[in-house]
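Structure at a glance
If you want the building blocks of each chain, they are given just below.
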Amino acid sequence: MKQWLKGSVVLVGAAVLASCGTDPAGSTSGDELIVWTFTDELSTMINDYYLPAHEGLAYKIRVVEIPSDQFETKLDPVLGTKNAPDVIALESAFVKKYVESGLMADLEEYGVKEAAKDTYQYVKDVGTSQEGVLHALAWQAAPGGFYYRASLADRLLGVNEADDMQDKLTDYDQFYETAKEIRETSNGEVHMISSIQDLAKPFFGMRESGWVEEEKLVIDNKLYDLLDISRKFVEEGLTKDTEGQSEAWFAGMNGESDFGYSLPTWGLHYWLKPNATAADGSKTTDGDWRMVQGPSSWFWGGTWIGAVDSSDQKEAAADLIKYLTTDKEFLTRWAEETGDFVSNEAVVEAIKDSYQEDFLGGQNHYNEFSEMVESVNAKILTEYDQTIELLFIDHCLTPYSKWEIDKEAAIQSFKTAVMNAYPDLQVD
């Protein structure tokens, strides 16, 4: 999911038309299906799996890969026009924006909803509008867990088994106490987490209410808990206080001073594995990681796929979406060949007992995730999430945790930022 593209627009796929000129987007012909994506996974899926299974298609498929930081900017002006693509990839941070836009096709009309009977409910919830219409579906599910260093757990906590580690992380009070134990035993040399991001993402997932309900900003009680624990972690030196996804945050994955990270399923393959070995090859933590659920159930990320309603290729688009998100043979192969945690419960149940991840010391993480996914609540997602979450982090969580501002002022700063971004929302 997280092979997000950096740099310029790239054309790939079954066919790249030489006549596309400077604009790689326009959907102008019924003999071509155009797919826009911010992840290179779709190109692999289409070229290596879909096309070999669908020989003799009457149309070509053109995949347009757009850097993630440019994706919405390029998509928004053309959506609903003749220049829109036929199929679009949607990240969880902004999927609801498009699901609720009125510009996406009803996938039920093309049999996708029926084919998705074994898809995890939370995955379907994300791609379903408030009116109950399925507009997007994902091939993967992304429950989050806590990845920790086995050797540090042994040395600092006397813990040798994942179950015993989970017993020390059953809630965030215990998480805090375990963090203090790690600090004290290591003489302050090891931090429980690298960044308050490793607290924020799980707490966002623990909320009972979304950011906006009935056109009104909602600050769930879990967010106040997040503010309190984040300040304690920073003040007491239980975190390195790096910025999430920064160079320093990633560097800790091959060092000896970071105990663990809060990551979703894809975080193992796209972040932890690539950064477990230092760039110069001088050190590695490969094989020294384990995974437990930690104090809460949550999820982070995932890629949904939807068809644009203005497309004259909706049937072909829906066929592609149906295959990539519900075809059991494809999803089984994809899971076995990539390790991705797929969204089809029947496929997961069939293969989960056979997994063994050497990077995690032989642990069967797939089986663990199959249990964790059942309690994920995605009904809290809204079309406002991407923007409001960033505003909360920048205007409230970060300055408050660093003692730059008191809680009342932090909350007010956040509310003011939301009012400026969304004047039509009610903010008390």
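Residues numbered from 1 in each chain as written. Predicted model: local features only at pLDDT ≥ 70, side-chain atom pairs only at ≥ 80, totals over all residues. Heavy atoms only, no water.

**Points about the overall build of the protein**
Each helix and strand in the protein was counted, giving 18 helices and 11 strands. By the compact-globule yardstick of 22 Å for 428 residues, the protein fits well, its C-alpha radius of gyration being 22 Å. Along the longest, intermediate and shortest principal axes, the C-alpha atoms of the protein span 65 × 50 × 40 Å. Expressed as a percentage of the 428 residues in the protein, the buried residues total 57%. Entry remark: accessible area of the protein is about 17,400 Å², with carbon and sulfur atoms responsible for 43%. Taking the average location of the 35 positive side-chain charges in the protein and that of its 76 negative ones, the two points are 2 Å from each other. (Helix = DSSP H or I, 4+ residues; strand = E, 2+ residues; numbered from the N terminus. Rg over C-alpha atoms; globule rule 2.2 N^0.38 Å. Buried < 20%, exposed > 50% of the residue type's maximum accessible area, 1.4 Å probe, protein only. Areas by Shrake-Rupley, 256 points an atom, 1.4 Å probe, with all protein chains shown as cover. Lys, Arg positive; Asp, Glu negative; His and termini not counted. Charge placed at Lys NZ, Arg CZ, Asp CG, Glu CD.)

**Things to note about the layout of surface pockets**
For the largest pocket, the calculated volume is near 1,200 Å³. Forming the walls of the largest pocket are 43 residues, and the residues nearest its centre are K201, Q245, E389, L390 and I393. Going through the elements one at a time, α2 (68–78), α9 (197–206) and α17 (385–401) are the ones with two or more residues in the lining of the largest pocket. Taken together, the residues that form the lining of the largest pocket break down as 17 nonpolar, 13 polar and 13 charged. (1 Å grid on protein atoms, 1.4 Å probe; cavity = no way out; pocket = protein on both sides within 12 Å on 5 of 7 lines; lining within 4 Å. Points joined across faces, edges and corners; volume = space filled by probe spheres on them. Nonpolar A, V, L, I, M, F, W, Y, C, P; charged D, E, K, R; others polar.)

**What to know about the pairing of strand β4 (residues 87–91)**
In terms of burial, β4 is a largely internal element, 5 of the 5 residues being buried. Of the two faces of β4, the one carrying V87, A89 and E91 and the one carrying I88 and L90 are both buried. Pairing analysis gives 2 bridges linking strand β2 (residues 32–37) to β4, with the strands arranged parallel. Bridge assignment links V35 to a residue of β4, and that residue is V87. As paired strands, β4 and strand β11 (residues 303–307) are joined by 5 bridges and run antiparallel to one another. By the bridge assignment, V87 is partnered in β11 with A307. (Pairing = 2+ DSSP bridges.)

**Some points on helix α10 (residues 221–235)**
Across its 15 residues, α10 extends 22 Å between first and last C-alpha, which sits within 8% of the 21 Å expected from 1.5 Å per residue. Looking only at α10, the buried set comprises L223, L226, L227, I229, S230, R231, F233 and V234. For α10, the secondary structure elements touched by its buried residues are α8 (172–185), α9, α17 and α18 (407–421). Regarding α10, its N-cap is D220, as a side-chain oxygen of that residue lies 2.8 Å from the backbone nitrogen of K222 further along. Among the residues trailing α10, G237 stands out with phi positive, at a value near 70°. (Expected span 1.5 Å × (residues − 1). Contact = heavy atoms within 4.5 Å. Polar contact = N/O pair within 3.5 Å; in protein donor to acceptor, adjacent residues only side chain to side chain.)

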